[in-house]
Structures are given as C-alpha cells and as structure tokens.
Amino acid sequence: MENKRIKLETSVDRCMTESAAAQPAHASASCATPSPVHVKTEPSATAGPSTQTSSTERPAADSDAIQLAPAQEQVLSRVKAGHNVFFTGSAGTGKSLVLRRIVQYFRTEKNMSGDDLVVTAPTGLAGTNVGGGTLHSWAGVGINVESLKQTLNNIVGAERYPAMRDGVSIFEAGNPDALGSSAKRWIQCKVLIIDEVSMMAASFFDKLEHMARFIRGNEQPFGGIQLILSGDFLQLPPIGGAKSKPRFAFQATSWPKCVEEPLLLSNVYRQNDQAFLAVLNDIRRNVISPRSLAFIKAHSKPVEYPSGVWPVDLCARKKTVQARNDKALRGLAGSARPFTSYGDSRDGPHLDSLFTVQRELSLKVGARVMLLKNLVPNVLVNGSLGEVIGFSTAAQVHSSGSATIGVPFALAGKFESAPTGYAYQRYEKEFYECLQDYTEWPIVRFRCGSSTTETVDILCVAHKFYAAHFDKGAIWRKQVPLALAYAITIHKAQGQTLERVRVDLAGIFEAGQCYVALSRAANPACLEIVNWSESAVKINNVAVEWYRSLEAEAPKCLGKRAMSEMN
Ligand SMILES: Nc1ncnc2c1ncn2[C@@H]1O[C@H](COP(=O)(O)OP(=O)(O)OP(=O)(O)O)[C@@H](O)[C@H]1O
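The structure contained in this document is the topic of the report that follows. Quick caveat: nothing in here was measured; it's all calculated off a predicted structure.

To continue, consider the site of the ligand. Surrounding the ligand, one finds 19 residues, the nearest of these being Gln72, Lys95, Ser96, Arg270 and Arg520. Take glutamine 72: an N or O atom from its side chain is 2.8 Å from a nitrogen atom of the ligand. The side chain of arginine 520 places a nitrogen or oxygen atom 2.8 Å from an oxygen atom of the ligand. In isolation the ligand offers 630 Å² of accessible surface; the protein chains occlude 92% of this area. Take the shell around the ligand: its biggest share by element is three residues, from helix H3 (residues 95-109). Class assignment for the residues of the shell around the ligand results in six nonpolar, nine polar and four charged.

Next up, the structure:
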C-alpha cells in the first residue's frame, strides 16, 4: 500500500468538528455553530508543562435542541399511542436519541417513576448509557443460568408457585406483604424499555415473556407490559460466541405476538460523507466491493494531525486495550499516581462491569485521559479527551486563587457566561468537599468542546458514579472521573460517536464488530484503519436476511421506503 501520509487540513478539520457538534452530520458543513457556553479566546495560563491538548471526540450535541425527523417522530407517536414498539436502523440513525426522548416523554408527560417505567439493556454498560440498569438484575434472573421453573420459584416464592400454576393470582397465593422485591418490580412495571436488544438472546426473550405473564397473572403478550425495544441486529450480537451461536431476539417464539410494529430508521445522522456511508453500508452487509477496498486502502495510512491532536485506538479485545493503555502509561516519565475508588460498602470487583469508572486508576503527567462525566454541556462532556498536566490538592488550588485551575475558578475564568446546571453544581460541591483532604488530584487540560485550540484546565477530584442494581438499589463508587484514553474496546465504543479514530481490526471475533468500529467515525478524514483483512468483516446471515425481508415489507411495517420518504 502507498505509504503517503494523509495531510489533515486544520481548518477543514475544525469546520467538520464544529458543525458535527450541533447539527446532523448530513446538514450544512458551516463552521459557525453556536454553542450555549461561549469560550473566551485567550490562551489559558496553567501550571505544568505547556502541552496543547486536543481531542478525538465529538462533544455531545445538546440533544434537547435537536428536532426529531418525521420518521423519528413516528416512533415516538407509536409509543405515545400505547403500542409495543421495536425500532431499528443502522449505526447513527438516532436510535439512542429517540430512546432518550421516549424516556423524557414518560417521565415528564406521564409522570412515571423508576417503578412503572423501567429502562434497561442486556449489558451493564449499555444500561448505564441510557440511564438504566441491566435487564437481568431488574428481572431478578441473576446471571440467567437457572431454569424457568427455578427462576419463577425464586421470584414468587416456593410456597406460592404451585397455586399460581393452577391459576391463582400472586396476591391470593400467599401473603402480599411478603412479596420479594423482584416480584414487586414485575407487577409494578407498566413500560419496559430494552436498548441494544441485538445483544439479547431469543431464549432469554421467551423466558422473560413467560415470566411476565406468569407473575402478573395476565395472558396478554409480556403480561400486558408496554414493550419498547431498540437496537440494530447487524451490530454486536448476543454474547455466546461463534460456538454456541445464540439466536437473536427476533427469532424468539414469542417475538411476533409481542412486537407489532417494526420501525426502520434509515437516515444516518452521524456521517455526512456519501462515499463513507456507502462503504459502511457494504461492510454492514459483508460486501467487499472495489469501492470499499479502495476506501480501506486510502485510509490504511496514518492521519497527520495538528500538534497535540490524537486519535483513539479501537481494538477488538480487552487485553489489547489494557496492554496498550498500560504500555503508553509506562512509556511516560515519572512515577504513576494510584487512585483507588471508595464509597459504597456493597461495591466490589463483581460490579466492575456496571461502572464506566475503574476501581483502580493509575495516572502520570502526560497521560491521555477521557472524561467520564458531563460537566458543561457541549464543552466538557463524557468522552472529552485531555492530558494530565500535573497534580494538586484542592486546597492549594483554592488558596492560590488561580483563575485557571480548579473549580469554580477554571470555568468561571474561562467562559463568558458562567456554566450552570446540575452536573456543574455537583462538580463544585465535590471540589469544596475536597478542600479538607490532602489528596493530590490530577489537573487535566481539556480541549473546550469542538475547538481545536481552546483548552481549559480542571482539577479532577473524585466524583460519585452510580450503577443501578435493581435488588441493591443504586450502588455508587467515588473515583476520579477519568479513564486512560489511548485505546478502548469496540464493545465499549458501541453507541459512541468519535471524531478521530484509529480502528485496529486485528483479532476481530464477532459478527458486526468491524461495522461497529468503522461506523464510530464521524469524519472519514480522521479515520485510520490498521490490520485490515477481509476476514475481519463478519456478519450474521440470519440477521442480514431478516433486514432484507423487513425492507421488502416496508410499507406494511412503516419500514425503509415509507420512513425514508418522511425523512
Ligand atoms: N434528527 C436528528 N437531527 C440531528 N442530529 C441527529 C438526529 N438524530 C440523531 N442525531 C445525531 O446523530 C448522532 C447519532 O445518533 P445516535 O447515537 O442516537 O444513533 P444510534 O442509532 O443510536 O447509533 P448507534 O447504533 O451507533 O448507537 C448523534 O450525534 C445524534 O445526536
């Protein structure tokens, strides 16, 4: 392959980044995107080495400001009309955005709480991404290794189970006051949302459907619960590996009676480059066309970024990611500072998969990090990238009266309008609480929102992170809100939009993994592909066929044709 470097034009890059931050990717590429918080233009004077920090992330657009497209509105109105809805579409069609609007609708207009509106996903991280918990923990099935009969026995109680099998209601089969928490949850639930449903096996779907009818004593599909399902079956499949070949939820026996309206969103908002979209569509369907090969070849060379700007590596396997992050940290001069999480006594290694933040984190000056909290909309968000430039106690920062580091100094001094909002207030509170301790917290230089030149330095004190465990309630751990950001797994990246990315296709093992990785990139000019081989493109033919038939029935199911006409 030609080894010429792709020269990245900073102005074009900035233009793309800024327009991507607040507009649909396919919309105008204008650079003039208003931001709710205006960043002053003077450079920040900071303690520590003068490194310019940049970012690969696309800051979360203020999603409240985005107007849903007609096809997306259609999903919302089907939900409002009380239907059981499954909506799908390729990566970047706005499924998560629509899901957030659905939750917002139930919470604000229907006044629903966590008991009657249940938000879940099949994995801990996916659940946390949508502000919910895992489906397993909500349903009371543990790690789902027990039979249906044993699971029901556990949930309703062995004393009630025989009578309930004879048709007696759960309340009459035993003392209602003695019902377990899982049984209560099943009874109270009115709306069940399951995101990333592609990761849910058919057998699990059938099991839950049966449980719902049995526990609730209601023979309607899913015991009369309104089901809202979202996901893309051509992205990551149910966990189980190639050997066990788990079947998809849409192959479940009970799926047809539960899901009346498959809705297909077809307009992609994440990318606006038509050639790139065509290639993504090929890869999605395992078509290795000449245009795809030409694209891959053109992007199999390093992208040259402006000084201090760098991409995130997406890798197939956890151990590659960890090794890459550890190696990068070891390569930095100086000794590592360990940060151990603290807080809830119920926390422990068994809950690691529920949290985005690690229990043990090591940092050094110069380490590239990702922010794991939203602090200031569009400017400092979950996913913002930065670099550790030093360590300091909160008291030192406070007493120095520095207008550049610490909170609220950094933000108040940096922005024309003082940031507000719950996340920022919580940050201030954490900062002031740390005035009493002697911990030296990392000072991180973050790029401000979509700007490639403006930076802000923040003392990153520990924050509370919550994970929903439906039995134990909200569990929390307090930790520095950062993760090393040299590399992340493709599984963790599912659902994210990344502005600069280096996709490593070595060790791809799952159907849809290559598609998920490539489709994270918002801008092909900032995409580098390494270790390409045709075998990296793996798909599940059953899922491909299913989408084909869904599209063929488009008018009947408000599918592609009908929907794209409305888009
Ligand atoms: N109607 C819209 N107008 C403008 N931007 C939109 C619209 N819908 C979605 N977006 C933006 O497109 C991007 C991708 O959306 P989102 O993450 O919801 O897609 P997705 O279908 O969930 O993707 P994935 O399957 O990869 O998780 C986001 O930045 C989102 O804000």
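The next thing to look at is the pairing of strand E12 (residues 360-363). Along E12, the buried face is formed by Leu361 and Leu363; none of Glu360 and Ser362, which line the opposite face, is buried. Sheet topology places strand E10 (residues 337-340) next to E12; four bridges connect them, and they run antiparallel. Paired with phenylalanine 339 across the two strands is leucine 361, which belongs to E12.

Here we come to the packing of aromatic side chains. Counted under the stated rule, the structure contains 19 aromatic pairs. With a centroid separation of 5.9 Å and 50 degrees between ring planes, the pair formed by phenylalanine 86 and tryptophan 546 is classed as tilted. Here the residue phenylalanine 86 occupies a position in strand E2 (residues 85-89), and tryptophan 546 occupies one in helix H20 (residues 541-552), the gap between them amounting to 460 residues. For the pair shown, phenylalanine 86 and tryptophan 546 are each scored as buried. Here the aromatic rings of phenylalanine 233 and tryptophan 546 are separated by 5.4 Å at their centres, their planes lie at 85 degrees, and the arrangement is edge-to-face.

Turning our attention to empty space enclosed by the protein. One pass over the full model with this rule turns up two cavities of 30 Å³ or more. Computed from the structure, the second largest cavity encloses a volume of approximately 30 Å³. Lining the second largest cavity, in full, are Phe233, Leu234, Gln235, Pro237, Phe248, Ala511, Gly512, Lys538, Ile539 and Asn540. A breakdown of the residues in the lining of the second largest cavity according to their chemical character gives six nonpolar, three polar and one charged. Residue-level mapping places the lining of the second largest cavity at the junction of two domains, with at least three residues from each of domain 1 (70-265) and domain 2 (274-303 + 500-566).

Note on placement: methionine 112 falls in the loop between H3 and strand E3 (117-121). The class of methionine 112 is buried, set by a relative accessible area of 11%. Sequence separation between methionine 112 and valine 168 is 56 residues; the distance between their C-alpha atoms is 29 Å. Contacts of methionine 112, omitting those with residues within four sequence positions, involve Phe106, Arg107, Leu117, Lys190 and Val191.

Looking now at the nonpolar core. If you look at the biggest cluster of nonpolar residues, it comprises 49 residues, and the most contacted ones within it are Trp186, Leu192, Phe205, Leu208, Phe233 and Trp255. Broken down by element, this core gets its largest block of residues, eight residues, from helix H9 (residues 202-216). Among the domains, domain 1 (70-265) and domain 2 (274-303 + 500-566) are the pair contributing at least three residues each to this core. Contact partners of leucine 208, with chain neighbours within four places excluded, come to Leu135, Ala139, Val141, Trp186, Met200 and Phe222. With 35 residues, the next largest nonpolar core counts Met199, Leu385, Ile490 and Tyr515 among its residues.

Close contact between helix H6 (residues 148-156) and H9 brings their axes to 11 Å; oriented N to C, the two are set at 40 degrees. Relative to H9, the element H6 lies oblique. When you trace H6 past H9, the crossing you get is right-handed. Residue-level inspection shows Leu148, Thr151, Leu152, Ile155 and Val156 of H6 in contact with H9, the latter providing Lys207, His210, Met211, Phe214 and Ile215.

Strand order in the open sheet formed by four strands is E20-E9-E21-E22, and the pairing between neighbours is parallel. Looking at which strands have only one partner, the edges of the open sheet turn out to be strand E20 (487-489) and strand E22 (527-530). Direction aside, neighbouring strands of the sheet carry axes that sit 25 degrees apart on average. Alignment of strand E21 (residues 501-504) against E22, held across four bridges, turns out to be parallel. Pairing of arginine 502 across the sheet is with glutamate 528, part of E22.

A separate point is the pattern of salt bridges. Scanning all chains against the criterion turns up 17 salt bridges. With its nearest N and O atoms 2.9 Å apart, the salt bridge here joins arginine 291 to aspartate 282. Residue classification places arginine 291 among the partly exposed positions, given a relative accessible area of 47%. Because the salt bridges share partners, they merge into one network encompassing Asp313, Arg324, Arg502, Asp504 and Glu528.

Further remarks concern helix H2 (residues 70-80). For H2, the set of buried residues is Ala71, Gln72, Val75, Leu76, Arg78 and Val79. Axial view of H2: buried residues confined to an arc of 160 degrees, hence all on one face. Immediately beyond the C-terminal end of H2, within one or two residues, lies glycine 82, with a positive phi of roughly 90 degrees.

Spatial ordering of the open sheet is given by E16-E15-E14-E13-E19, a layout of five strands whose pairing is antiparallel. Pairing within the sheet leaves two strands with one partner each, and these edge strands are strand E16 (455-459) and strand E19 (482-484). Sheet twist, expressed as the mean angle between neighbouring strand axes with direction ignored, is 40 degrees. Across three bridges, the pairing between strand E13 (residues 368-371) and E19 is antiparallel.

A separate point is helix H13 (residues 290-298). Those residues of H13 that sit buried are Ser292, Phe295 and Ile296. An end-on view of H13 places all buried positions within 95 degrees of arc, on one side of the element.

So, on to unusual backbone geometry. The general pattern is negative phi for most residues beyond glycine and trans for most peptide bonds. Positive phi, close to 55 degrees, is recorded for asparagine 111, a residue that is not glycine. If you trace the backbone, asparagine 111 turns up in the loop between H3 and E3. With a relative accessible area of 67%, asparagine 111 lands in the exposed category. Residue asparagine 286 is not a glycine yet carries a positive backbone phi of 60 degrees. The exposure class assigned to asparagine 286 is partly exposed, which follows from its relative accessible area of 35%.

Quick notes on the rules
- Residues numbered from 1 in each chain as written.
- Predicted model: local features only at pLDDT ≥ 70, side-chain atom pairs only at ≥ 80, totals over all residues.
- Heavy atoms only, no water.
- Near = heavy atom within 4 Å.
- Polar contact = N/O pair within 3.5 Å; in protein donor to acceptor, adjacent residues only side chain to side chain.
- Areas by Shrake-Rupley, 256 points an atom, 1.4 Å probe, with all protein chains shown as cover.
- Helix = DSSP H or I, 4+ residues; strand = E, 2+ residues; numbered from the N terminus.
- Nonpolar A, V, L, I, M, F, W, Y, C, P; charged D, E, K, R; others polar.
- Buried < 20%, exposed > 50% of the residue type's maximum accessible area, 1.4 Å probe, protein only.
- Pairing = 2+ DSSP bridges.
- Phe/Tyr/Trp six-rings, centres within 6.5 Å; stacked < 30°, edge-to-face > 60°.
- 1 Å grid on protein atoms, 1.4 Å probe; cavity = no way out; pocket = protein on both sides within 12 Å on 5 of 7 lines; lining within 4 Å.
- Points joined across faces, edges and corners; volume = space filled by probe spheres on them.
- Domains from an automatic or database assignment.
- Contact = heavy atoms within 4.5 Å.
- Core = buried A, V, L, I, M, F, W, Y, C linked by side-chain atoms within 4.5 Å.
- Axes fitted to C-alpha atoms, helices over the stretch in contact; angles between N-to-C directions.
- Parallel < 35°, antiparallel > 145°, perpendicular 65-115°, else oblique.
- Left-handed = near helix turned anticlockwise from the far one by under 90°.
- Salt bridge = Lys/Arg side-chain N within 4 Å of Asp/Glu carboxyl O.
- Arc of directions from axis to C-beta.

Such coordinate-based values are descriptive only and should not be taken to indicate function.
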